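These are the residues of each chain, in order.
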Amino acid sequence: MTPPRVRRVAVATASGVAVAAGTFLVAGFSPRWVVVAIAQTVLLALPDAVLAAGIQGLGSTGQPLLVAGSAGLAVALFGGLALLALRVGRVADRDRAEIVFLVGALQALAAFLLAVNPAAAVVGGALGAAVVGLAGASATGTGEVSRGRRGLLRSAGAAAAAVGLAGAGPLARAIGGGPDGRDRAEPVERDPLVERLLDGAAARSFDLAGAEPLVSESFYVVDKNAADPRVDPDSWSLRVTGAVDEEIEIDLDAVESRPAQHRFVTLRCVGDTVNGRKTDTAVWTGFPVADLLEESGVRPDGCCVMVRAADDYYQAFPLSALRDGLLAYRMNGRPLPRQHGAPVRALIPGHWGEINVKWITEIEILEEEATGYWEERGWHGTGPVSTVAKLHHVETDDGAVSVGGHAYAGTRGVSAVEVSTDGGDTWSEADLTDRLPGATPADADPDDPDAVGGEAADAWRGWRYEYEADGEHEVVVRAVEADGTVQPAAERDPFPSGASGYASRTVRP
Ligand SMILES: Nc1nc2c(c(=O)[nH]1)N[C@H]1C(S)=C(S)[C@@H](COP(=O)(O)O)O[C@H]1N2
Ligand SMILES: [Mo]
């Protein structure tokens, strides 16, 4: 026979699980789910240095850990409230209905205070209460939760059912095209011109095991959020405010009806290590920010901008950098995915990823410099990216060695990649992929051979080098910019202003 105290804790834990599941059912994986709200609070409480290293550094790895930990905290919190209600019920000698009500009321109140989502709070509290209610074989009048194993099994079963239901929720949404999808008439087919650009990129790519093609198959994600905002495309708008002659506000229809262009752009996070994977390339569709700035009439004393987003992110940087930017609403021919900033994000040529603001909502023109989200946390990532060559492909076959990867130098451009097979004493030039094409008007005729031309101003290039070797040796790579500047050798960690040094690998043929 399980002792009553253990039974109570087991039932309370099941109840806590049910609240987490019930609130998820309504809120989904969004900032309005209690677990995400807790995660966000944990992030705020972390010392800046931990946050800095944790997010820009760990990125996608840190996030599941954070969410799992926060789910544990949520279960402990809501389970604790259930225990509290049971205790109060016992002490005050209440009957089962009253206790069950108190459990649900406390849990719903806490859920509401955490995530300010009334519907989720009510559903969560109701499920949490139901789990406790099911545990009692009959009204005992003593505040005791369960007469035995069957009650326990019932409440565990109810909690499991709530989790199952919550798991099915996102599936239902995905199938039904709910809040995640866009209900607007959106081409599912890719634009033929984008198709042509993607084919061109595929044709230029070196096919190297371990290194991505020129358009990334998996694009890295870095942001400050435990869960990304779900922005309603129909109520979204972008405002231009501050030191302008006229403040303007445009909605998504207005954005999408502007003369658009397609651009290959590479993004790199300042938290990326020299040979890390937080550098990726896509073809983006959008319109030049400069058009918008011109329409609002930036005043002569405007020097800088503060760009704000739906996740309360904000980044401040020079107006000159924004002028060359793109407001993008498609990525590789598809609507911008939520994790990359749907419905609209900024792309700022040649600069670290952090000022490429996702879920953009406001551009404020400033007359003085200001400090953004990551800079307040010690990073220096609002400037131009540093130059890097990645060594992601190493293959040996009976003395024949093949190495390769990508090189990126922002808008300075990569003119060469040099490879050393003796630890950096002597250098040889690698093969480079042809440059990706430049900005293409989105209304160009896809069949017109001249529709796609020029050179991408801000995209990486692939490199490859093949040689023969018999003994163990160290391969080192470095990129050379268009003006001949060689990537600096000095080694530096990503924090605070980006990694430096050469990628290298010991090769045993
Ligand atoms: N709104 C918002 N935009 C953001 C961020 C963020 O946390 N919130 N993170 C920035 C950082 S640090 C980087 S490196 C890039 C990454 O873009 P990606 O996730 O599409 O690769 O987005 C930037 N834009
Ligand atoms: Mo970043």
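Quick caveat: nothing in here was measured; it's all calculated off a predicted structure.

Trainee: Hey, could you go over the UniProt feature "domain: Oxidoreductase molybdopterin-binding" (unreviewed entry) in the protein for me, with residue numbers and the actual values?
Mentor: Per the UniProt annotation, the sites labelled "domain: Oxidoreductase molybdopterin-binding" (unreviewed entry) are residues 228-374. In residues 228-374, helix accounts for 12% and strand for 39%; the two terminal C-alpha atoms are 17 Å from one another.

Trainee: Describe empty space enclosed by the protein, with residues and values.
Mentor: One pass over the full model with this rule turns up three cavities of 30 Å³ or more. Considering only enclosed or pocket space, the largest cavity measures out at about 230 Å³ in volume. Along its surface, the largest cavity is lined by 20 residues, and Val-222, Arg-345, Gly-353, Glu-354 and Lys-358 are the ones closest to its centre. Along the lines of polarity and charge, the residues of the lining of the largest cavity split into 10 nonpolar, four polar and six charged.

Trainee: Can you explain the domain arrangement of the protein? Please cite residues and give values.
Mentor: Assigned domains within the protein: domain 1 (4-176) and domain 2 (192-377). Look at where the C-alpha atoms of domain 1 and domain 2 centre, and you get two points 37 Å apart.

Trainee: Talk me through the sheet that holds strand E15 (residues 428-429); I want residue IDs and the actual numbers.
Mentor: The strands making up a sheet associate through backbone hydrogen bonding, with each pair oriented either parallel or antiparallel. The sheet built from four strands is open, its strands ordered E15-E14-E19-E20 with antiparallel pairing. Since the sheet does not close on itself, it has two edges, and those belong to E15 and strand E20 (503-507), each with one partner. As defined by bridge partners, strand E14 (residues 414-420) adjoins E15 across two bridges and the pair is classed as antiparallel. Looking across to E15, one finds that Val-419 is bridged to Ser-428.

Trainee: An account of the environment of Glu-295 is requested, with residue identities and associated values reported.
Mentor: The residue Glu-295 is located in helix H10 (residues 289-296) in this model. Judged by relative accessible area, which is 42%, Glu-295 ranks as partly exposed. Taking the C-alpha atoms as reference points, Glu-295 and Ala-316, 21 residues apart in sequence, are found 21 Å from one another. With residues up to four places along the chain from it excluded, the contact list for Glu-295 reads Ile-248 and Arg-258.

Trainee: Quick rundown of the site of ligand 1? Include the residues and the values.
Mentor: Around ligand 1 sit 21 residues, and of these Tyr-220, Asp-311, His-340, Arg-345 and Lys-358 come closest. Within the backbone of Asn-356, one N or O atom sits 3.1 Å away from a nitrogen atom of ligand 1. Separating an oxygen atom of ligand 1 from a side-chain N or O atom of Lys-358 is a distance of 2.5 Å. Starting from 540 Å² of accessible surface for ligand 1 in isolation, the protein chains cover 100%. With respect to the pocket detection grid, ligand 1 is positioned in the largest cavity. Looking at side-chain class alone, the shell around ligand 1 contains 11 nonpolar, four polar and six charged residues.

Trainee: For the side chain of Lys-390, give the residues involved together with the corresponding values.
Mentor: Here Lys-390 is to be found in the loop between strand E11 (388-389) and strand E12 (393-397). The exposure class assigned to Lys-390 is buried, which follows from its relative accessible area of 3%. Within polar-contact distance, the side chain of Lys-390 engages the backbone oxygen of Thr-273 at 3.2 Å. The residues contacting Lys-390, other than those within four sequence positions of it, are Arg-268, Asp-272, Thr-273, Val-274, Asn-275, Gly-276, Thr-279, Gly-404, Gly-405, His-406, Trp-463 and Val-477.

Trainee: So what's going on with helix H1 (residues 4-27)? Residues and values would help.
Mentor: For H1, spanning 24 residues, the distance from its first C-alpha to its last is 34 Å, which sits close to the expected 34 Å at 1.5 Å a residue. Phi for Gly-28, located one or two positions after H1, is positive at around 65°.

Trainee: Which residues make up helix H5 (residues 96-115), and what are the values?
Mentor: Taking 1.5 Å per residue, 20 residues should reach 28 Å; H5 reaches 29 Å between its end C-alpha atoms and fits that length. Within H5, the full set of buried residues consists of Ile-99, Val-100, Val-103, Gly-104, Gln-107, Ala-108, Ala-110, Ala-111 and Ala-115. Down the axis of H5, the smallest arc covering the buried residues is 165°, so these residues share one side. Away from its buried face by more than 90 degrees, H5 exposes Ala-97, Phe-101 and Leu-113. Here the buried face of H5 lies against H1, helix H2 (34-45), helix H4 (62-92) and helix H6 (118-135). Positioned one or two residues after H5, Val-116 has a phi angle of 45°, which is positive.

Trainee: Which residues make up the pattern of salt bridges, and what are the values?
Mentor: This structure, assessed with the given rule, holds 16 salt bridges. Where Arg-239 meets Glu-362, a salt bridge forms, and the shortest distance between an N and an O atom there is 3.7 Å. Taken together, the residues span a long stretch of sequence, with Arg-239 in strand E1 (residues 237-242) and Glu-362 in strand E10 (residues 360-366) at a distance of 123 residues. We classify Arg-239 as partly exposed; its relative accessible area is 32%. Overall, the relative accessible area of 13% leaves Glu-362 in the buried class. Residue Glu-364 is joined to Arg-308 by a salt bridge in which the shortest nitrogen-to-oxygen separation is 2.9 Å. Separated by 56 residues along the polypeptide, Glu-364 in strand E10 and Arg-308 in strand E5 (residues 304-309) bring together distant segments of the chain. Residues participating in the shared-partner salt-bridge network are Arg-239, Arg-308, Glu-362 and Glu-364.

Trainee: Tell me about unusual backbone geometry, and name the residues and values.
Mentor: Cis geometry marks the peptide bond from Ala-342 to Pro-343, where omega comes out at 10°. The residue Pro-343 is located in the loop between strand E8 (334-335) and strand E9 (345-347) in this model. The omega torsion of the bond from Phe-495 to Pro-496 falls at 5°, within 30 degrees of zero and hence cis. Note on placement: Pro-496 falls in the loop between strand E19 (473-481) and E20. Even without being a glycine, Asp-93 presents a positive backbone phi close to 55°. Inspection of the secondary structure assignment puts Asp-93 in the loop between H4 and H5. Although it is not a glycine, Asn-332 sits at a positive phi angle of roughly 55°.

Calculation criteria
Per chain, residue numbering runs from 1 following the sequence as it is written. Here every chain gets a letter starting at A, and every ligand a number starting at 1, in the order they are written. Reporting of local features is limited, given that this is a predicted model, to residues whose pLDDT is at least 70; pairs of side-chain atoms are given and counted only at 80 or more, and all residues count toward the totals for whole chains, interfaces and linings. Only heavy atoms go into the side-chain values, all of them from the structure, while hydrogens and water stay out. UniProt positions are given in the numbering used here, feature names are shortened, and annotations may be inferred rather than shown by experiment. Each helix is a run of H or I in the DSSP string that is no shorter than four residues. Each strand is a run of E no shorter than two, and both are numbered from the N terminus. Here a cavity means grid points, on a 1 Å grid over the protein atoms only, where a 1.4 Å probe fits yet cannot get out; a pocket means an open set of points with protein on both sides within 12 Å along at least five of seven lines; lining residues are those with an atom within 4 Å of a point. Grid points are joined across faces, edges and corners, and a volume is the space filled by probe spheres set on the points. Note that Gly is not counted as nonpolar here; it falls among the polar residues with everything else outside the nonpolar set of Ala, Val, Leu, Ile, Met, Phe, Trp, Tyr, Cys and Pro and the charged set of Asp, Glu, Lys and Arg. Each domain span listed reflects an automatic or database assignment of domains. Strand pairing is defined by DSSP finding a minimum of two bridges between the two strands. Relative accessibility decides the category of a residue: with a 1.4 Å probe and only protein chains considered, values under 20% of the type maximum give buried, values over 50% give exposed, and everything between is partly exposed. Note on contacts: a residue pair qualifies if any of its non-hydrogen atoms lie within 4.5 Å across the two residues. Summary of the distance rule: residues count as near a molecule or strand when at least one heavy atom falls within 4 Å of that molecule or strand. Two N or O atoms count as a polar contact when they lie within 3.5 Å, although within protein this holds only if one can serve as hydrogen donor and the other as acceptor, and sequence-adjacent residues are included solely when both atoms are side-chain atoms. Using a 1.4 Å probe, accessible areas were evaluated by the Shrake-Rupley method; residue-level cover was limited to the displayed protein chains. Just a note on the criterion: a molecule sits in a pocket or cavity if more than half of its atoms are within 2 Å of the grid points. Expected span, for any helix, means 1.5 Å times one less than how many residues it has. Note: the arc covers the axis-to-C-beta directions of the helix. A carboxyl oxygen of Asp or Glu within 4 Å of a side-chain nitrogen of Lys or Arg is what we treat as a salt bridge.

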